[in-house]
Amino acid sequence: MSSDNTLLNEINRRRTFAIISHPDAGKTTLTEKLLLYGGAIRLAGAVKGRKAQKHAVSDWMEIEKQRGISVTSSVMQFEYEGFHINILDTPGHQDFSEDTYRTLVAADSAVMLIDGAKGVEAQTIKLFHVCRMRGIPIFTFINKMDRFCKDPFELMEEIENTLGIRSCPMNWPIGNGVDFKGVYNRSKAQIELFENSGHGQNIVASEVGSVGDEHFREVIGDKLYDKLCEDIELLDMAGDPFDLEKVKRGELTPLYFGSAMTNFGVQPFLEDFLRLAPPPSAHKSDIGEIAPDSDEFSGFIFKIQANMNPAHRDRIAFMRICSGKFEKDMMVKQMRTGKTIKLSQPQQFLAQDRNAVEEAYAGDIIGLFDPGIFKIGDTLCSPKLNFNFEGIPMFPAEHFANVSIKDAMKRKQFLKGMEQISQEGAIQLFKRPDAAYETLIVGVVGVLQLEVLEYRLKNEYGVNIIIERLPFTYARWTEPGNLTPDQLGFTGDAMLVTDQYQRQVVLFANQWIMNRIENNNPDIKFLEIPPVYKE
Ligand code: G4P
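No experiment lies behind these values; they were computed from the predicted model shown.

## Some remarks on the overall build of the protein
Secondary structure summary: the protein contains 16 helices and 31 strands in total. Of the contacts made within the protein by residues no fewer than 6 positions apart, 70% connect residues no fewer than 24 positions apart. Of the roughly 22,700 Å² of accessible surface on the protein, a fraction of 50% belongs to carbon and sulfur atoms.

## Description of the pairing of strand S11 (residues 252-257)
Of all six residues that make up S11, six are buried, and the element is covered over most of its length. Residue alternation in S11 divides its side chains into two sets, Leu252, Pro254 and Tyr256 and Thr253, Leu255 and Phe257, and both sets are buried. The pairing of strand S6 (residues 166-169) with S11 spans four bridges and is classified as parallel. The residue of S11 that forms the bridge with Ser167 is Thr253.

## Focus: the nonpolar core
If you look at the biggest cluster of nonpolar residues, it comprises 86 residues, and the most contacted ones within it are Met319 and Phe326. Contact partners of Phe326, with chain neighbours within four places excluded, come to Phe297, Met319, Ile321, Leu343, Pro346, Glu358, Glu359, Ala360, Ile366 and Leu368. Counting 28 residues, the second-largest nonpolar core is a separate cluster that includes Leu30, Ile87, Val247 and Leu252.

## Points about the packing of helix H13 (residues 411-423) against helix H14 (residues 448-461)
Packing of H13 against H14 brings their axes to within 10 Å, and their N-to-C directions diverge by 125 degrees. Between H13 and H14, the interaxial angle falls into the category oblique. H13 and H14 meet at a crossing whose hand is right-handed. In this structure, H13 uses Gln413, Phe414, Lys416, Gly417, Met418, Gln420 and Ile421 to contact H14, whose residues at the interface are Leu453, Arg456, Leu457 and Tyr461. Split into classes, the residues belonging to the contact of H13 with H14 amount to six nonpolar, three polar and two charged.

## Some points on the pattern of salt bridges
By the definition in use, this model includes 30 salt bridges. Put simply, Arg13 and Glu10 hold a salt bridge, and the shortest N to O gap is 3.1 Å. A relative accessible area of 18% places Glu10 in the buried class. In this structure, Lys126 and Glu398 form a salt bridge, with 3.2 Å as the shortest nitrogen-oxygen distance. Linking Lys126 in helix H7 (residues 122-134) with Glu398 in the loop between strand S23 (379-381) and strand S24 (399-405), this pair joins segments that are 272 residues apart in sequence. When its relative accessible area of 25% is taken as the criterion, Glu398 is described as partly exposed. Salt bridges linked by common partners bring Glu10, Arg13, Arg14, Glu79 and Asp364 together as one network.

## Regarding the environment of Leu193
For Leu193, the position within the fold is in strand S9 (residues 190-194). For the pair formed by Leu193 and Ile203, sequence separation is 10 residues and the distance between their alpha carbons is 6.1 Å. Excluding residues that lie within four positions of it along the chain, Leu193 makes contacts with Lys181, Gly182, Gln201, Asn202, Val204, Val219, Ile220 and Phe264.

## Brief notes about the packing of helix H2 (residues 27-37) against helix H12 (residues 266-276)
Where H2 meets H12, the axes come as close as 10 Å, and the angle between the chain directions of the two elements is 75 degrees. The pairing of H2 with H12 is recorded here as roughly perpendicular in orientation. Counted together, Leu30, Lys33, Leu34 and Tyr37 of H2 and Val266, Gln267 and Leu270 of H12 form the full contact between these two elements.

## Structural notes on the sheet that holds strand S1 (residues 14-21)
Here seven strands make up an open sheet; going across it, the order is S2-S3-S1-S4-S5-S11-S6 and the pairing mixed. Across the chains shown, the open sheet's two edge strands, defined by having one partner strand only, are strand S2 (75-80) and S6. The mean angle between the axes of side-by-side strands here comes to 30 degrees, regardless of whether they run parallel or antiparallel. Here S1 pairs with strand S3 (residues 83-88) via five bridges, running parallel. Note that in S3 the partner of Thr16 across the bridge is Asn86.

## Description of the packing of aromatic side chains
Here the structure, examined in full by the defined rule, presents 20 aromatic pairs. Ring geometry for Phe269 against Phe273: centres 5.9 Å apart, planes inclined by 25 degrees, an arrangement best described as stacked. Within this pair, Phe269 and its partner Phe273 are both found in helix H12, separated by four residues, close to a single helical turn. With respect to burial, Phe269 and Phe273 carry one shared label: buried. One cation-aromatic arrangement involves Lys303 over Phe318; the distance from NZ or CZ to the ring centre is 4.2 Å.

## Overview of the side chain of Glu158
The residue Glu158 is located in helix H8 (residues 152-163) in this model. When near neighbours in sequence (up to four residues on either side) are disregarded, Glu158 contacts Lys118, Gly119, Val120, Lys150 and Leu163.

## Section: the side chain of Asp364
Positionally, Asp364 belongs in the loop between strand S21 (359-361) and strand S22 (365-370). Residue classification places Asp364 among the buried positions, given a relative accessible area of 0%. Engagement of the side chain of Asp364 in a polar contact is seen with the side chain of Arg14, the distance being 2.8 Å.

## Structural notes on H7
Between its first and last C-alpha atoms H7 spans 19 Å; for 13 residues at 1.5 Å apiece the expected length is 18 Å, and the two agree. Every buried residue belonging to H7 is among Gln123, Thr124, Leu127, Phe128, Val130 and Cys131, and all of these are buried. Along the axis of H7, the buried positions cluster into a sector of 160 degrees, meaning they face one direction only.

## So, the sheet that holds strand S10 (residues 201-205)
Here we have four strands laid out as an open sheet, ordered S7-S8-S9-S10, and antiparallel in their pairing. The two strands at the open ends of the sheet, each matched to only one other strand, are strand S7 (171-174) and S10. Across the sheet, the mean angle separating the axes of adjacent strands is 25 degrees when strand polarity is ignored. In the sheet, S7 pairs with strand S8 (residues 182-185) via four bridges, with the strands oriented antiparallel.

Thresholds applied
Residues numbered from 1 in each chain as written. Predicted model: local features only at pLDDT ≥ 70, side-chain atom pairs only at ≥ 80, totals over all residues. Heavy atoms only, no water. Helix = DSSP H or I, 4+ residues; strand = E, 2+ residues; numbered from the N terminus. Contact = heavy atoms within 4.5 Å. Areas by Shrake-Rupley, 256 points an atom, 1.4 Å probe, with all protein chains shown as cover. Buried < 20%, exposed > 50% of the residue type's maximum accessible area, 1.4 Å probe, protein only. Pairing = 2+ DSSP bridges. Core = buried A, V, L, I, M, F, W, Y, C linked by side-chain atoms within 4.5 Å. Axes fitted to C-alpha atoms, helices over the stretch in contact; angles between N-to-C directions. Parallel < 35°, antiparallel > 145°, perpendicular 65-115°, else oblique. Left-handed = near helix turned anticlockwise from the far one by under 90°. Nonpolar A, V, L, I, M, F, W, Y, C, P; charged D, E, K, R; others polar. Salt bridge = Lys/Arg side-chain N within 4 Å of Asp/Glu carboxyl O. Phe/Tyr/Trp six-rings, centres within 6.5 Å; stacked < 30°, edge-to-face > 60°. Lys NZ or Arg CZ within 6 Å of the ring centre and 35° of its normal. Polar contact = N/O pair within 3.5 Å; in protein donor to acceptor, adjacent residues only side chain to side chain. Expected span 1.5 Å × (residues − 1). Arc of directions from axis to C-beta.

As structure tokens, then:
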């Protein structure tokens, strides 16, 4: 542990989190409101041009420009009331990919954003499970309260039933839809009145320190007041009390109701979140946990973003700093190769700008110029240290395709391109034991990754490919890896392949066939995720 107070203070004021949600729940809108509070976006007008803004934030790949969407995730940093905030963006629309999952490995907490009218949706469930696996605290913001939403008790039940986590409402909505009046803040015993002006909230404080203040009756009317008293009484009696330790362990999620678009409830949420969310915590390594306030620097690469400049094939490797202080041009050891390398041209990201970094601390995310030397999962640390951080898991691909070349003469470039792109973690590569090397099977988490692959092979490697979608939706690693084709039962709904590290994998078309083959082969384990990236 460090005796350096500056280091400790710097680490303790850092909050590094990701916003997880289903497309259209309002993540972009909420992120922009947060950036607005941090002064990272100055003009309110920037919010209006939201789509253009979204585009500008990570306008790095040509394909993004064509489609106006963000293919790869990025990180945004800003300061707010003494806190240094890193928001990790988790791409959501068709651009959902392994990067979305991997980003969560670099976060210390997550904000789960739910559309109040729709409740818990598919993509939120997937991302929630990754956060769960990591045991990070999850704060929930129920958005779009200015519209007609589901009943708040129903939403709480849905969160518990679909996600298996209890929730503790920190505020409570008053009215619904056109009758929405605002929220009752339970800890402050005040009503935050909703005004659709985009300027935050008017506060009506309680004189008696409880929801029972008759003054509230005048403000919101008899009907809503009686209902509010009833609801709060029920929550006080039967609801889970707020318990920070449970929140920290990811067992209880604090629940906030608001509306990002009208800027209602965003600032109180941000302030509560910054107070309650944890600063950077220890990270697991093969020699035990590494404390963030250790004097020596360490970090790991969790994402590699290609094509910043297609002419040079340069890449940006995103590093999460896990301990100590980072300084520009510092020499670090890359554990995988044992080489000492100079970290030059480090960058941080402030809304749409990239800034050179002079120094950074545990909890921060920085982008490193990568001439092709980094791999996802690489540990970088002070030359005095000697350990590897726990590997970054591979996340289950859900779409598979046969990929082959149009021109057999381009075989070498094809294999090189496929290898490099898979090293960046943009695709998972598989091969049929009997297939020619000109045909590989690609697994991806989101289908857009296949389009990105086609585009990149053509533009960066000069290779035209043919993509034929395969009917599989699940991949399982076998243990021990000795399943025979006979044991699969000669069905077209399952296929034996190997991954890049020659491990045996079975691809299944559906859950039913997977269950049948698993039941027929009780001596074989079918693993969803291979433990770590291996050389
Ligand atoms: P995403 O990044 O999660 O995909 O969502 P995004 O912020 O793009 O928001 C999706 C839509 O929901 C947008 O409408 C946005 O304006 C709207 N929205 C976000 N927060 C709120 C809210 O608190 N209340 C209401 N009523 N709507 C909200 P859009 O019509 O798709 O885009 P735009 O025309 O508003 O730009």
